[in-house]
Amino acid sequence: MASEVTPHYGDEIAQIEPIGIEHIPDSERHGKPFSVFTLWFGANVELATLTTGVAAVALFGLNFWQAAIGLLIGNLLGATVLGLVSTFGPRLGVPQLVHSRAAFGFFGNFVPGALNLISGAMWFAVNTVLGTFAFTSLFHAPFWIGLVVMVLVQVIVAVFGYNMIHAVERVMAGILTLIFLAVSVFAFAHAQYHLPFNAKSPLGQYSGVSGSFIEAIGLAFSYLLGWTVYGSDYTRYLPSQTKPGVVFFNASSSNFIAAFWLELVGVALATIFPQAAAGTNPINLLTGIQPHWLVGLTLVAVIIGTITANVLNIYSSSLSALVINVPLKRWVAAILVGLVGGVVAWIGRTSYYLSFENFLFLLGYWLAPWTAIVLVDFFVVHRGRYTTAIFYDPRRILGRGFWAWLIGVIASIPFFNQSLYQGPIALKYPQLGDISYYVSFVVAGIVYLAMARRSASR
């Protein structure tokens, strides 16, 4: 059982959050479900989301409508899953990766905990590269200066924690919406809607239209899947009587609207500026926007969007560090994640699009089976009823979820289809694209359910 939390936090914004991964008692519960909407909306109205749409055209070769339909399906899937896990927060009062201890066991959960810690630092690096590119373009500063400024601002917000993050997202969501609405007017007015599928694109030449379409679905799905492991981190302070349906609506709708919108803008811009879309600096997509005065505002939005996305990555990664028993306070772990992410951003500042695509696929490979197990555990095995002690009992070393997750990952390897590795089935049937997410999701969920029912029958 977690130790009792003594410092009072409440709804204080300017106080460093004293709570780490402990259960949130009723005395600390506060907030309204709409803050979940503004949080996720602000986190997704940013350049990394836009470049997901760009990749569907520049890497996979899809035309506007092919990319739009694929991204629509992927976002519907991802937003639904993220909405479901977000409902766990008010009901359980624990972070997302603390909840998965119920299925994975205390030490078995170290694996997804460590993977999420790495993923969060990598996400931080990916977004920070974009924000730094915008900073250097706007202020004509060297990359290293922009990088230092971006890292400092983001780390400071994450150090203050939950309340500060929600407050920043509430303010910035409105600003980002206004600026990107203006960008959308230009993008959709000038998009080349009738361009054909590009059979010579870097990845489309291997997989064809069908494979590229499936890849686009997976790209959008894995983008939101990357947030899924954070879901209840940002709802666990809500009052326990908060209706799950309201939480689900705010989390799923905000993610879907923001992600699909920005990805469509990215698709449109990629058809307008194909050379910039194929380059290594995504900021070049924005410098041709008209009227020219909008370019400066858009660069400001990129900087703000980097912050709104990355404070979540730092914060949830710091919680993951505590989940795997790193002996640090949450705010210290947040500083370290920011520093590591800054170093990775410096190293990976070239070849953005291909690195981004590979990163999203790698995320999906471990997150899809993890998500299936967490959903089955909550809705079928435990039916939402847990004792808090189950999340903090170190005697539960390895749970059934760990083995089901491992089986799901192994079963999906033959279906891997990306530039780092192609499995034998993907090589033989390139028109399938990459369906490994769906294979691992289904296999892990079925195996975990079978294990749980067998144990119950015994």
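Above this text sits the structure in question.
Conventions we followed
Residues numbered from 1 in each chain as written. Predicted model: local features only at pLDDT ≥ 70, side-chain atom pairs only at ≥ 80, totals over all residues. Heavy atoms only, no water. Helix = DSSP H or I, 4+ residues; strand = E, 2+ residues; numbered from the N terminus. Rg over C-alpha atoms; globule rule 2.2 N^0.38 Å. Buried < 20%, exposed > 50% of the residue type's maximum accessible area, 1.4 Å probe, protein only. Contact = heavy atoms within 4.5 Å. Areas by Shrake-Rupley, 256 points an atom, 1.4 Å probe, with all protein chains shown as cover. Lys, Arg positive; Asp, Glu negative; His and termini not counted. Charge placed at Lys NZ, Arg CZ, Asp CG, Glu CD. Polar contact = N/O pair within 3.5 Å; in protein donor to acceptor, adjacent residues only side chain to side chain. Expected span 1.5 Å × (residues − 1). Arc of directions from axis to C-beta. Axes fitted to C-alpha atoms, helices over the stretch in contact; angles between N-to-C directions. Parallel < 35°, antiparallel > 145°, perpendicular 65-115°, else oblique. Left-handed = near helix turned anticlockwise from the far one by under 90°. Nonpolar A, V, L, I, M, F, W, Y, C, P; charged D, E, K, R; others polar.

Novice: Please clarify how the overall build of the protein chain should be interpreted in this entry.
Specialist: Helix and strand counts for the protein chain come out as 18 helices and two strands. Taken over C-alpha atoms, the radius of gyration comes to 21 Å for the protein chain, in line with the 23 Å a tight globule of 458 residues would show. With respect to the principal axes defined by its C-alpha atoms, the protein chain has extents near 60 × 55 × 40 Å. With 458 residues in all, the protein chain has 61% of them scored as buried. By sequence separation, contacts in the protein chain at least 24 residues apart represent 85% of the contacts at least 6 residues apart. For the protein chain, the accessible area works out to roughly 17,000 Å², and carbon and sulfur atoms hold 71% of it. When the 20 positive and 16 negative side-chain charges of the protein chain are each reduced to one mean point, those points stand 10 Å apart.

Novice: Would you mind showing me how to read the side chain of S201 here?
Specialist: On the secondary structure map, S201 appears in the loop between α9 (162–190) and α10 (204–228). For S201, a relative accessible area of 1% gives the class buried. Only 3.4 Å separates the side chain of S201 from the backbone oxygen of L59, close enough to count as a polar contact. A polar side-chain atom of S201 sits 3.1 Å from the main-chain carbonyl oxygen of N198. When neighbours within four sequence positions are excluded, S201 is seen to be in contact with A58, L59, F60 and G61.

Novice: How should unusual backbone geometry be read in this particular structure?
Specialist: Apart from glycine, the bulk of residues carry a negative phi angle, and the bulk of peptide bonds sit in the trans form. Of note, the amide linkage connecting Q290 to P291 takes the cis form, showing an omega dihedral of -5°. Locating P291 in the fold gives a position in the loop between α12 (274–277) and α13 (293–323). With a phi angle near 65°, N325 is a residue other than glycine that sits in the positive phi range. With a phi close to 55°, R383 is a non-glycine residue in the positive phi region.

Novice: Would you take a moment to explain helix α16 (residues 400–412) for this structure?
Specialist: One turn of an α-helix holds 3.6 residues; hence residues three or four places apart share an orientation. For α16, spanning 13 residues, the distance from its first C-alpha to its last is 19 Å, which sits close to the expected 18 Å at 1.5 Å a residue. Taken as a whole, α16 has its buried residues at G401, F402, A404, W405, G408, V409 and S412. Buried positions in α16, seen along its axis, are confined to an arc of 165° and lie on one side of it.

Novice: How should the packing of helix α1 (residues 34–44) against α13 be read in this particular structure?
Specialist: When two helices pack together, their arrangement is captured by the angle between the axes and the distance separating the axes. Viewed as axis vectors pointing N to C, α1 and α13 meet at an angle of 115°, and their least axial separation amounts to 6 Å. Judged by the angle between their axes, α1 and α13 are roughly perpendicular. Viewed along their axes, α1 and α13 form a crossing whose handedness is left-handed. Mapping the contact onto sequence places L39, W40, G42 and A43 in α1 and T308, A309 and L312 in α13. The class makeup of the residues in the contact of α1 with α13 is five nonpolar, two polar and no charged.

Novice: Looking at this structure, how should I read the packing of α1 against α10?
Specialist: Interhelical geometry of α1 versus α10 gives an angle of 130° and a closest axis separation of 13 Å. In terms of orientation, α1 and α10 fall into the oblique class. As for the relative orientation of α1 and α10, their crossing is right-handed in sense. For the pair formed by α1 and α10, the contact residues are W40, A43 and N44 on the first element and Y223, L224 and W227 on the second. Classifying every residue of the contact of α1 with α10 gives five nonpolar, one polar and no charged.

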